[in-house]
Amino acid sequence: VGKLQNAVTDTLKVLRYRGALPSDIGEARSLITANVQAELKTATARLGRIEKGLDKAIKDPGVNTGDLAKQDYFNRIEEFLTSPSPQRKKEALESLPKSVRDDVVGMRTQIDDLSNDIMNSDFIKNLEGKVVAGEDVADVIRQSINKNLNSYMRRKYRIFEDAKYKPDQDTIDAGIAGFKANKRHTESELKLIRDSGEKSADELGLDSKGRIVGEVTDDQAKLAVDKFLDRHNVANKGKGPKLTGRVAEERLKTGMFIKRDRLKEFQKRLLGEIKDPEENFISTIADLAEFKATDEFFGKIRNEAATNST
């Protein structure tokens, strides 16, 4: 009977949309994809209307035509979406055709609405009262999100998307020049090499305090480039012990709350920054919507566990 019961349970996990979960929790789980798709449908519809509006505007007499003109418009859209300056936002919006302005504002509003939902998420509420380094974790996260309202949008880099990504020689050369001009960033990378035991401080040209003696050399800058790329390379992620058994399909992607480095332009170039406002917008909506939907699912489980004695 025990084996039969196990077989039935395993079969139901595969055949039923909710697997072995209770019906109300299974329903919440099934809504994750639907809720994300609803947000993405809204986002792609906005982009579609903007595309049509820009195509129509470009065809008007006296307006620059072609792909360059369209790309310029999208650069202005990105400026509106990401600039923390109200004046620059205003100028960027007013430089766009009137027919697309409402949808461009709608892009920003959709991101901010989802961000506000995350500030009130079950995940963050459960962090209230937890103190790290003298600060309430929930307050720190909320302040970080609130600070970036009206300007947050995900940046995508090829190094995180493609395990085979390698920057070309021109990009490497630009990276070497960039590190040579930024001693602090070079020192930071070289100290990581020293701390890992790969090379000694003397070999790296560092003094006892981890500072570069004199100016940054070509060799030091090259080492900094190699270390910078190596620690960001997606192919080097997840090399820890393999996990066996079932792994949760739904996970809260809390990485978006980690403090972001303010990358220099040469560092963004080394990582293969994807300068596509449309793709970055869709990625941002997807991440925020997935977090919101998954949080609601886990919140449902937590509430059920708290109220169900069985």
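Coordinates for the structure precede this section.
What counts and how
Residues numbered from 1 in each chain as written. Predicted model: local features only at pLDDT ≥ 70, side-chain atom pairs only at ≥ 80, totals over all residues. Heavy atoms only, no water. Helix = DSSP H or I, 4+ residues; strand = E, 2+ residues; numbered from the N terminus. Buried < 20%, exposed > 50% of the residue type's maximum accessible area, 1.4 Å probe, protein only. Contact = heavy atoms within 4.5 Å. Areas by Shrake-Rupley, 256 points an atom, 1.4 Å probe, with all protein chains shown as cover. Core = buried A, V, L, I, M, F, W, Y, C linked by side-chain atoms within 4.5 Å. Phe/Tyr/Trp six-rings, centres within 6.5 Å; stacked < 30°, edge-to-face > 60°. Axes fitted to C-alpha atoms, helices over the stretch in contact; angles between N-to-C directions. Parallel < 35°, antiparallel > 145°, perpendicular 65-115°, else oblique. Nonpolar A, V, L, I, M, F, W, Y, C, P; charged D, E, K, R; others polar. Polar contact = N/O pair within 3.5 Å; in protein donor to acceptor, adjacent residues only side chain to side chain. Salt bridge = Lys/Arg side-chain N within 4 Å of Asp/Glu carboxyl O.

Draft legend 1. Focus on the overall build of the protein. Of regular secondary structure, the protein possesses 14 helices and four strands. Looking at the protein as a whole, 36% of its 310 residues are labelled buried. Here the analysis covers contacts within the protein between residues at least 6 apart in sequence; of these, 73% occur between residues at least 24 apart. For the protein, the accessible surface area stands at approximately 19100 Å², while carbon and sulfur atoms represent 50% of it.

Draft legend 2. Seen up close, the nonpolar core. Core analysis: the largest hydrophobic core is formed by 36 residues, its most contacted members being Ile 50, Leu 54, Ile 77, Leu 96, Val 104, Met 107 and Phe 281. Looking at this core, the elements that each hand over two or more residues are helix 2 (23–58), helix 3 (67–82), helix 4 (86–94), helix 5 (98–119), helix 7 (137–148) and helix 14 (277–307).

Draft legend 3. Representation of the packing of aromatic side chains within the structure. Enumeration according to the criterion identifies five aromatic pairs in this entry. Taken together, a centroid distance of 5.9 Å and an interplanar angle of 80° make the contact between Phe 123 and Phe 291 edge-to-face. Of the two residues, Phe 123 is situated in helix 6 (residues 122–125) and Phe 291 in helix 14; the sequence distance between them amounts to 168 residues. Accessibility expressed as a relative area gives 2% for Phe 291, which makes it buried. Here Tyr 157 and Phe 160 contribute two aromatic rings whose centre-to-centre distance is 6.1 Å and whose plane-to-plane angle is 90°, an arrangement assigned as edge-to-face. The structure contains a cluster of three or more aromatic residues connected by ring pairs, namely Phe 179, Phe 228 and Phe 266.

Draft legend 4. Representation of unusual backbone geometry in the model. One non-glycine residue with positive phi stands out, namely Asn 150, at about 80°. Checked against the element boundaries, Asn 150 lands in the loop between helix 7 and strand 3 (156–157). What makes Asn 150 partly exposed here is its relative accessible area of 36%.

Draft legend 5. Up close: the packing of helix 10 (residues 183–196) against helix 12 (residues 218–232). Running from N to C, helix 10 and helix 12 cross one another at 70°; their axes reach a closest spacing of 9 Å. The orientation of helix 10 with respect to helix 12, classified from their angle, is roughly perpendicular. Counting all contacts with helix 10, which are made through Thr 186, Glu 189, Leu 190, Leu 192, Ile 193 and Ser 196, the residues of helix 12 involved are Gln 220, Leu 223, Ala 224, Lys 227, Phe 228 and Arg 231. Looking at the contact of helix 10 with helix 12 residue by residue, the classes come out as six nonpolar, three polar and three charged.

Draft legend 6. Expanded view of the environment of Glu 198. The topology assignment puts Glu 198 in the loop between helix 10 and helix 11 (201–204). Setting aside anything within four residues of it in sequence, one finds Glu 198 in contact with Ile 193 and Lys 227. Polar side-chain contacts of Glu 198 include one of 3.1 Å to the side chain of Lys 227.

Draft legend 7. Layout of the pattern of salt bridges. This structure, assessed with the given rule, holds 20 salt bridges. For Lys 70, the salt bridge identified is with Glu 51, shortest N-O distance 2.5 Å. Of the two residues, Lys 70 sits in helix 3 while Glu 51 sits in helix 2, which places them 19 residues apart along the sequence. Classification of Glu 51 by relative accessible area gives partly exposed; the value is 22%. Here Glu 198 and Lys 227 are joined by a salt bridge, their closest N and O atoms 3.1 Å apart. One end of the pair, Glu 198, is in the loop between helix 10 and helix 11; the other, Lys 227, is in helix 12, with 29 residues separating them in the sequence. Taken together, the salt bridges that share partners define one network made up of Glu 51, Asp 55 and Lys 70.

Draft legend 8. The arrangement of the environment of Leu 47 in detail. Assignment of secondary structure puts Leu 47 in helix 2. For the pair Leu 47 and Val 100, spaced 53 residues apart in sequence, the C-alpha separation works out to 9.5 Å. Apart from the residues within four sequence positions on either side, Leu 47 is in contact with Met 107, Glu 278, Phe 281 and Ile 282.

Draft legend 9. Structural view of the packing of helix 5 against helix 7. Packing of helix 5 against helix 7 leaves a shortest axis separation of 10 Å and a crossing angle of 170°. Comparing the axis directions of helix 5 and helix 7 gives the class roughly antiparallel. Residues Ser 115, Ile 118 and Met 119 of helix 5 form the contact with helix 7, whose own contacting residues are Arg 142, Ile 145 and Asn 146.

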